[in-house]
Amino acid sequence: MFNKQSMEANNLSEFNGVLDAIQDSNNISATLAGDTGQKIEVEENKIEVVRGVPFDLNVFAQEVYDKSHYKNKGHADNAVNMNAYDIAVNCSRQIVYKLLKTPVPSFADKWLPIVFRAQLGKACHDFVQLQSDQFTEAEVSLKIPSIRLSVRLDNLIGYNVLVEIKSCTYSDYQRIIRNQKPRRDDFMQSMVYKHVLENHLAEAKDPTIKVRSNKPALDEYKIDTIQFIYLAHDITASDVEDVSEALMLIAKIKKQLKSKNNPFFFMTSLVVDTNAFDQAPFMNFIKGKIESINSHFEARKLPAADDEYIVKSKCFFCRYYSVCDIPVKRR
Ligand code: SF4
């Protein structure tokens, strides 16, 4: 339970002190609900763990697996378009399999923490959008049936600024801060949105085409600025070995950001000026991939193994792995 008085007494920057407190693990104690100031010491040898507890984690894992199967299958059964992630990241054959509604034994996510991370990502996203009035448009759907593309961008500010909210692991966050560059996949997704806004706006605004969120409000966009808002939300098993290493990593990132007086040390932003680099290679990739997928789909033909948009690094988590005859071994 929150103690309102202590919340008001603390300004946000003092939240950073929480880290220091956690790092001194010898002082760990529990505070009573209602925060009377009275402390109870946790004596580990007096706590007995009972096996066979009512909430069974193995059952839960199966529940998550089953739910992800039905959710993903529902999406697959109704898939008629590519999305931004398809164009920016996914394997061309995987996308054609999806558009052809190819059946597979299971649509469940191959790695269950992905489901948990997706929920964290959504919460991060809502946190920024619900707290801010700085955006002029939010959750803008761009549905372009003529090229079988349906995407949804996060935010716009005026006619020229695209803002994408991205959640990431601490290790990605550390790299982003160190390199001062957005992740490649995030950048490519934002370029897909820019491409659609600048080349397919009339179709995106067509009132006869139904979308689930907002249509673009303006009659012209010329995106010259892309801002990425990154929120660090978790540490993966591959990032660290144990909790103490996780805490050290967090402390290192904080130091790296020189964020002593920055209340949001878990949140940063990068701004890209799209006129400062040659956009042609990115736009050619996006247009070329959309055209290639559409031509393969219309011919009911899978992209060959040497197709330039095949992405073998995606095989490990690919749900079409069991039906794909491209010989890629899972690690
Ligand atoms: S298994 Fe690999 S090559 Fe085949 S569709 Fe999936 S990602 Fe593409």
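Owing to the predicted nature of the structure, the values given are computational and were not obtained by experimental measurement. (Residues numbered from 1 in each chain as written. Predicted model: local features only at pLDDT ≥ 70, side-chain atom pairs only at ≥ 80, totals over all residues.)

### A few points about the overall build of the chain
Within the chain, the regular secondary structure consists of eleven helices and seven strands. The contacts in the chain between residues at least 6 apart in sequence include a share of 75% that link residues at least 24 apart. (Helix = DSSP H or I, 4+ residues; strand = E, 2+ residues; numbered from the N terminus. Contact = placed C-beta atoms within 7 Å.)

### What about the pairing of strand S4 (residues 149-157)?
Walk down a regular strand and you will see the side chains alternate between the two sheet faces. Extensive coverage of S4 is indicated by the burial of seven of its nine residues. Pairing analysis gives seven bridges linking strand S3 (residues 137-144) to S4, with the strands arranged antiparallel. Across the sheet, residue Val140 finds its bridge partner in S4, namely Leu153. Connecting S3 to the next strand, S4, in antiparallel fashion are four residues, including Arg148 with a positive phi near 50°. Summarising the sheet, S4 and strand S5 (residues 161-169) pair through three bridges and their orientation is antiparallel. In the strand pairing of S5, Ile157 is matched with Val161. Turn length for the S4-S5 hairpin, with the two strands adjacent in sequence and antiparallel, is three residues, and the turn residue Gly158 shows positive phi of about 70°. (Buried ≥ 20, exposed ≤ 12 C-beta atoms within 10 Å, placed from the backbone. Pairing = 2+ DSSP bridges.)

### A look at the site of the ligand
Inspection of the region around the ligand gives 14 residues, with Cys91, Arg93, Cys315, Cys318 and Cys324 positioned closest. Class assignment for the residues of the shell around the ligand results in ten nonpolar, one polar and three charged. (Near = placed C-beta within 6 Å. Nonpolar A, V, L, I, M, F, W, Y, C, P; charged D, E, K, R; others polar.)

### With respect to helix H11 (residues 280-298)
With 19 residues, H11 extends 27 Å between its outermost C-alpha atoms, agreeing within 8% with the 27 Å of an ideal straight helix rising 1.5 Å per residue. For H11, every residue scored as buried is listed here: Ile286, Lys289, Ile290, Ile293 and His296. An end-on view of H11 places all buried positions within 140° of arc, on one side of the element. Residues of H11 that are exposed and point over 90 degrees away from its buried face: Ala280, Pro281, Asn284, Gly288, Glu291, Ser295 and Glu298. Looking at the packing, one finds that the buried side of H11 touches helix H4 (84-88), helix H5 (92-99), S4 and helix H8 (184-199). Positive backbone phi, at 50°, marks Arg300, one or two positions downstream of H11. (Expected span 1.5 Å × (residues − 1). Arc of directions from axis to C-beta.)

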